[in-house]
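Coordinate inspection notes
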Amino acid sequence: MAGSVTGGSLIRPDETLQGIGGTVTAIPLTHPGNRRWWIAFAGAALLLGLFLLTLGYLLAAGPGIWGNNNAVVWALDIASYDWWIGVASGSLLVSAVLLLLGAEWRGAVNRVAETLALLATAAAGLYPIIHLGRPWFFFWNLPYPNTYDLWPQFRSPLLWDAIDIVSFLVICVSLWFIGLLPDLATLRDRAHVEAMRQLDAKAPTRKLALLRAQIYGIVASGWRGSAAHWQIWVQAYRTVALLGVLLVVSVQTGASVMLAGSLMPGWHSTLVPVSFLVNAVYSGVGVTAVIVMLIRFVYGLDALVTPRHLDVLGRLLLCLGCASAYCYAAEYFDTFLNGDAQARGVLARRMTGDHALISWTAILCLVLPAQILWSARARTAPLALAAVGLLVAIGAYADHVMVLVVTLTQDFLPSSRLPYGVDVWGIATFAGSVGLFLTLLLLFLRYLPAVSIVESRRLALAEAPAAQKAAREAASRAAARPEENAGPGPFWGVSASFASQGDLAAALQAVSGLSPDHVHLDGHGPVPMPRTLRPLGLEGRSILPYALAGALLGGAGFYGMCLFATAYDYVFLIGGRPRLSWPSFVVPSISFAMMAGCVAIHLALLVLNRLPRLNHPAFNIPGFLRVSDDRFFLTAEARDERFDAARIERRLAGLPAEAGRPLEIRRIPR
Amino acid sequence: MTGTPDLAALREKLSGGDGPRFWRSLDAVADSPEFRDYLAAEFPSASRLAAAPERRGFLKLMAASFALGGLTACGAGGGRDYEVPYVNQPERIVPGTDLSYASSSVFDGFGNGVLVTTRNGRPLKIEGNPDHPWSRGGTDVLAQASVLGLYDPFRSQAVQQLGRPSSWAAFRAALQAQMPAWRENRGEGLALLTGPVTSPTLAAQIARLRAAYPALRWHVGAGASRDGLYEGARRSYGRPLETLPQFDRARTIVALDGDFLDLGPGQVGLSRRWIDARRAAYADGRLLTLHAAAPTPTLTSAKADHGVVVPAGRLEDLARDLLGMASGGAALGGDDPVARWARGAGKALTEARGAGIVTAGLTASPDLHALVHRLNGALGNTGTTLLHVEPAAEQGAGTLAELAEAMERGTVKALIVLGANPVYEAPGALDFAARMARVPLKIHAGLYSDETGAHADWHLPIAHPLESWGDVRSFDGTVGLIQPTIAPLYNGRTLPQMLAFLAGGGDAEDALALVKARWRSDSEDEAAFEARFSEALRRGFWADSARPAETVALTQDAAPSPAPTAPAGGIEVLFRPDPTVWDGTHADLAWLQELPKPLTKVVWENVIALSPRLAEREGVATGDVLRIEAAGRAVEGPAWILPGQADDTVTLTLGYGRDVPDHLSRGLGYDAGPLRPVGASWRLSGAKLTKTGRRSVPVTTQHLGTMEGEDLVRVQALGAAPVGDPKGAPAPASFYPPPESQDRWVAAQWGMAIDLDACIGCNACVTACQAENNIPVVGREEVALGRWMGWLRVDRYYAGELDAPSTHFQPVPCMHCEQAPCELGCPVEATLHDSEGLNLQVYNRCVGTRTCQSYCPYKVRRFNYLDYTGGMTPVEQQQRNPEVTVRARGVMEKCTYCIQRITAARITSAKDAHAPIPDGAVETACQGACPTRAITFGNVADPGSQVSAARRDPREYALLGHLNTRPRTTYLAGLAPPAEPGEREG
Amino acid sequence: MAQLFTPGADALYRLALMTGVACLVALPVLGAGIVRSNYVTGVGVVQPQPVPFSHKHHSGELGIDCRYCHTTVEKEATAGIPPTHTCMTCHSQIWTGSDMLKPVRDSYAEDKPLEWKRLNKLPQYVYYNHSVHVTKGIGCSTCHGDVTSMQMTYRANAFEMKFCLDCHRAPEKYVRTPDQVWNMNWKPPADQATLGPKLVAQYHIRGGARLTECGICHR
């Protein structure tokens, strides 16, 4: 997809590594636009308050506060759930696919998309619990040892959904956190610098500043941009993204089978999983577009979110809009040409019945607005994109309401027809969940980097002349001599700093031959450093076996549990299905496999990198804080007594300028 | 709103054949935008916020009114904390075990035989007494609901003097002070008002009272009196008589405004005799055809094989025409539906001379009754298919109108009202309350401190039939005994006790002794009588006590001459007892209030029914509040467009518009009383109908919907190809292998068959289910939201023409599908199958995802959206069946095929060395209550069982069978006469 | 450059992480343990009763048959708590002056029932029938424990669903010959493995799948 993007640049030519870091980190550290943020936050908090009020009433009185009735047992509650999980799936899919395709422009979008996915999942995850008649027993949906000797009913799509949403939450958190990790380190270092400045100046807020740096430090888990960290990080990020893509398919299948598993007219078309997926991704991209446009506007990130990004988002929306239109068309053709009378009746009622307004909202909002994006001008107009995104989101919600309510209002027996009207508390519940989402989003915007610093930096190094020039200039000033009066030993090791990855790699290559038994070499930098891996001998290290083993073990374990529980441990007669209903267990097992794989990756990321580690001698390197900014460091750690620091220093200092000569060489105390 | 529905177009559409063959209600057939506007107005979306709090308020009210009673009972929460054994174990009462007593239910003074199931000394459920010669095991809604009436917290709980709590002792003292004066002037100025008296004991007590006070005047008043019927008999035979149709000897039936299947004292016995005869005829390859002509639809006209809508004023003409044909006159000309119907009915009657039945209903005019008697006489039916007996009710009392007149004259010095509520029931023209105010001493005894109680000086609580000793005659005169199953909850006395006090002035006599005194002949010795009495008590009735058939001869008077036709113009108003709360006596029973009326499916109120044509002409939509005016009085109520209603006719039902403070019934519906004519007439001509411009949409449990070409209700025309599912055909293909073979210890495979031909839509099954299974009442607002909780509903479908449709009833319980879609959706195994084919619902496991109901194609599940059971008063909780779990908030529930009864039978058989459960040993609550035995339940794996036989019937079919859910509940198609050319399809 | 964290911070952080993970596991285990504990289930806990009735004395030492007091155990769902009258059949003759028995005599004289604290309680949605269990060879002590050794009676089993299922899944392990049903000290005989299935067949007990269906106990 990235290849199709033409015209315009993805990053302004005058962006430098330092500049990118500064722009993005300034938001969480200095809170520009504070007033606007507070106004928005007040609004969101108000909605959140409404949510708490509604939940309180709901728990006290029961789901009867909604307008659901004997026929329309599912209405706004499940529609809201489906919508949120759709938005989450869409956002996650956007971020993950862009990552996997290596679209170099994704930096401006994918952090927002990942965050949306996470927060939408959080909002969605509440619904399966609160919509229950007895929410305090929600955990009966999950397998756990109990005195009833009972398992959940693994053939139920609702159980799949419970597993799906738990897995989805884990993957979202994981992807979001992994992506955020280096940026957290950047934030930590910036905050650290600021804290030191305040300490020196004996500023009154110095303790607060230090605390802030420490909090960022704890969350950053001791990330120091080591070449080994980066290597595993890149793999972990991509693998989790891959698992995410698979999970999205599984989740949307689960959510659609929740309807398609029935006999109900209008629900059990084979197209349902596809249209669910399409509309989910569509709504996810729509909401992502709205939020990206908002952040760009509020924080003035025009430099990072360029017209070309808008163009790409626009094309994506257009593409999905057409897919959605195709799904509708296919459903109508299929039903009218091929369907039974009840299915035709449901479609007719959608168009002309009590809920025609909702249906037409859905179809018009999902199909029409995107069509203006055929125009290139519309595609690059932030307002147009935001408007389309918003309409798509509304359309997707209306679509869920339509699908649920029209079928349930009247299915097979005319006698069971019951009218349903959208009810105030149902809307309040949804508005409240939006409040929860917005509150968390605003907190995220305030305290965490909204645009991926790492990805923008990689893009800058690749494309922005200014960044490349800055590196060259710095390198040309390199005049490193070994430090004259290094402090008394014993040393932890020797460090050298560089302006570019190329220099670092060359230096590493140069010293890698020197007494490898006594020295542990590493490189550190603000971006992944694939060129350093060979000199460091890390080539071929892979996280994939862990992921694969985790996923396979998790999936097989879950599948085995389903089989054991259903066919051997406590056999029940369910809907006339055979004892070994093996196909029923595939969806939740896949979801569980994705979660298990993700957990395995996360553990591998930490363990292989010996993280978390808050205090590390490398942090003693003077100026090391710039490792999350624009500097590259070489460290040679002493492994035993025979470590010869002077020899390494000499070798480094002897390297030709702009081909590995360090900017500075230092001996680092233990 | 722009318009009323375009009914003309609609009618055209239906008759043109492109309307759905079966349709539910008007709005369903109308595919026009106007109708949709209409609907939008009927179901405004966001106007429901207030629902829950209001309902809760109502429950609080109930609790508050209970608190006055001061009875504490079991607390909520899990399990009892204490074991409280007896000090001395009473004989026969075993804690936790059912004990059944034979007794009688009372309906407007008439009895039906019932068995009262009690447990731990509490009456819980009413079953029909299968040995009772009149009711034969059937029950009606009032009998089923009477057990709720016992525990009703609205019941009068104390003696009141001028509205203040008093005591029996105070009352006794006050009266004893008056009695010498009464005795002295022979009871001059004393007036006694009762309801219809069929009880021999009560009659004896009244006789005793009249002997003590010879000048006492006795009057009888009832909300729905049978005076017109008796008057018709008097005109024909010179004395009041009850007519007993002998359906088993009949080949054809003609019902004019006839209500032998409708709710009423005779319903249980008559409908049973009718269906037995119809079944016997079907077994002979015949159809016991029912021709019905009615001005407003009734259950009888709904079951008609040949129905016609006739304006009430033309009924007598129609009877005269039939009489003409019976006497050899020529058939009527003309091609209007009425003439066609008359030709058909006349032909059928003359072909079946001596084997036909012509009946007229309770609400028919005396003229019509007289004509019907003559018609039956002319056809030779009298004495063969129609027997006449002396009325069960004592005759010879004055009427309500005479009493009102006497009060107006001021000749009534003391009025004693026993078990009647004339202030509410008397027609408005009598102005009873105002006239009653002129009486110096007013004593009212009733189950409720009702409108009359409020106007009386003394109000006395009477004992509920379930607390009383007594006796009562059924429709055919059989004397049933009433025995108490619990000590009076509220210190009420029986009517004979009160009369004994009034007559003798002594202390309250033993109620049992009063009954025994009535039945013990002087010559009989003590032991022989005791044996005879206890045998009658065991059976619940005096054997062979039915009234003997009288030989009757028509008087020589000429047949009634044509009455002057009603003045042209104006609306004809028909009055009918309500099909659930009857005349309002039972209006405080929440079960009856929430019971959907059979034809409109309206709950918690009454409506003004009007014909589509009238609605079209007046621009009236369902829910418009109408004002019906006549003779300076008016009634206002919501309109309901009722197909099958005669043009220019509106129907008002009784029993609503009650005004007793704090009572459940207060403020529900409108009171038709002000317009009611005085005397025996049930209709009023020349009324004026206006729209008030207000709207109040009645709450109904069934809305609209077309059949979309489906054959949900099937009709088997005699001689036509079977409409049922093919028998012996392989089961439809399935993805899944057949279930593993049933192991040999599985007791049975349960299944149910419902005969749609037998279902008369009477709702007894629905109420029985509610009583048996602790089904909560949710209140009007919740029903309006679509949350009616009944496990069993009776669907009503229309077919055919808009103005004179044929009506079909279809009871729908859980289908217990073998491949149940609901089970698949439940994530926690709260709904699943057992190996006996039951679709189980495990309430305590349910978390309330509602997936099962959203997957259910029959929508038979019910969800506890709010805490419907927690607000019940402790005294109401006493009625709960301890064998059935009371469902908590947030839990799904549904029909279980009365698994508690199945389990009881299974345990019994298991203890008995695992003998098979005999066929018929398990009877579901709905099955037991059904007066027409429409429901068969049993083991479908046993080819010898009744349900298997029913399933082999070629009429048998599965509802929505094409979905391959393989329901265990199946239906037998209704029957119809062979299609004749020119006959419309029915 | 100064470190943001002291070297000790790492240890603390890791400790905190591990504690968090441990809590994630330990808290549910603790909760489950509490739910199953005798404190919650009431197993083995003696409750104060209006009269200190001793099953050990009456049933164990005097050898009074269970059915003398629990009269309906073979016929009805409930075993039945004896009316005061039953106590007085003997105690109007013996121990007539005992202080301990004063509440019984008072109850009889004043016609006021004794209020015994309930020990064996099932939730309201569980329907248990004594008679069918007893007639099918399930002895009293299987559920109620050896009451003949209880000075004051207490609940012997928690009656969790699992407890019921154990037997419903494999009745052959618990079923007894009819004469052993009332034996409070019954231990499975050596040949239970062969005797059990025979008895199950003899009693027509439908074991396994049928007895574990929900509708057997819940409705």
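Below: a short report on this structure. Everything numeric in this text was worked out from a predicted model, so none of it was measured.

Observations concerning the interface of chain A and chain B
Think of interface size as the accessible area that goes away when the parts come together; that is how it is often given. In this assembly, 75 residues from chain A lie in contact with 75 residues from chain B. In total, chain A and chain B occlude about 5900 Å² of area from one another, counting both sides; carbon and sulfur atoms represent 56% of this. Considering only the side of chain A, the residues that lose the most area to chain B are Asn70(A), Arg134(A) and Leu413(A), jointly responsible for 12% of the buried surface there. Here chain A is connected to chain B by two salt bridges. Note that Lys859(B) is salt-bridged to Asp411(A), the shortest N-O span being 2.9 Å. Elements with a minimum of two residues in the side of chain A that touches chain B: α2 (34-61), α5 (157-200), α7 (227-260), α10 (341-352) and α14 (424-447) of chain A. Classifying every residue of the side of chain A that touches chain B gives 44 nonpolar, 22 polar and nine charged.

Some details on the packing of helix α11 (residues 315-326) of chain B against helix α12 (residues 337-351) of chain B
Residues and elements named next belong to chain B. It is at 9 Å that the axes of α11 and α12 come closest, and there the two elements cross at 40 degrees. It follows that α11 is oblique to α12 by the angle criterion. For the pair α11 and α12, the crossing hand works out as right-handed. Touching Leu318, Leu322, Met325 and Ala326 of α11 are Val338, Trp341, Ala342, Arg343, Ala345, Gly346, Lys347 and Thr350, all from α12.

Describing the sheet that holds strand β35 (residues 935-939) of chain B
Hydrogen bonds between backbone atoms are what pair the strands of a sheet, whose relative direction is either parallel or antiparallel. Residues and elements named next belong to chain B. Read from one edge of the open sheet, four strands run β35-β28-β37-β36, paired in mixed fashion. With one partner strand each, in any of the chains shown, β35 and β36 (956-957) form the two edges of the open sheet. In this sheet, β35 lies alongside strand β28 (residues 750-755) in antiparallel orientation, the contact comprising five bridges. The residue bridging Ile754 from the neighbouring strand is Ile935, located in β35.

Focus: the pattern of salt bridges
Residue and element names in this part refer to chain B. Across all of its chains, the model carries 84 salt bridges over all chains by this definition. Where Asp648 meets Arg617, a salt bridge forms, and the shortest distance between an N and an O atom there is 2.6 Å. Of this pair, Asp648 sits in the loop between β24 (633-641) and β25 (649-653) while Arg617 sits in helix α22 (residues 612-618); the two residues are 31 residues apart in sequence, bridging distant segments of the chain. The class of Asp648 is partly exposed, set by a relative accessible area of 30%. Look at the salt bridges and you will find they share partners, linking Arg627, Glu629, Glu636, Lys688 and Arg694 into a network.

A few points about the packing of helix α6 (residues 168-184) of chain B against helix α18 (residues 495-504) of chain B
Residue and element names in this part refer to chain B. Where α6 contacts α18, the two axes come as close as 9 Å, and the packing angle between them is 45 degrees. Between α6 and α18, the angle falls in the class oblique. Contacts between α6 and α18 involve Trp168, Phe171, Arg172, Leu175, Gln176, Met179, Trp182 and Arg183 from the first element and Met498, Phe501, Leu502, Ala503 and Gly504 from the second. Within the contact of α6 with α18, the residues separate by chemical class into nine nonpolar, two polar and two charged.

Parameters and conventions
Residues numbered from 1 in each chain as written. Chains lettered and ligands numbered in written order. Predicted model: local features only at pLDDT ≥ 70, side-chain atom pairs only at ≥ 80, totals over all residues. Heavy atoms only, no water. Contact = heavy atoms within 4.5 Å. Buried area = accessible area lost by both parts, 1.4 Å probe. Salt bridge = Lys/Arg side-chain N within 4 Å of Asp/Glu carboxyl O. Helix = DSSP H or I, 4+ residues; strand = E, 2+ residues; numbered from the N terminus. Nonpolar A, V, L, I, M, F, W, Y, C, P; charged D, E, K, R; others polar. Axes fitted to C-alpha atoms, helices over the stretch in contact; angles between N-to-C directions. Parallel < 35°, antiparallel > 145°, perpendicular 65-115°, else oblique. Left-handed = near helix turned anticlockwise from the far one by under 90°. Pairing = 2+ DSSP bridges. Buried < 20%, exposed > 50% of the residue type's maximum accessible area, 1.4 Å probe, protein only.

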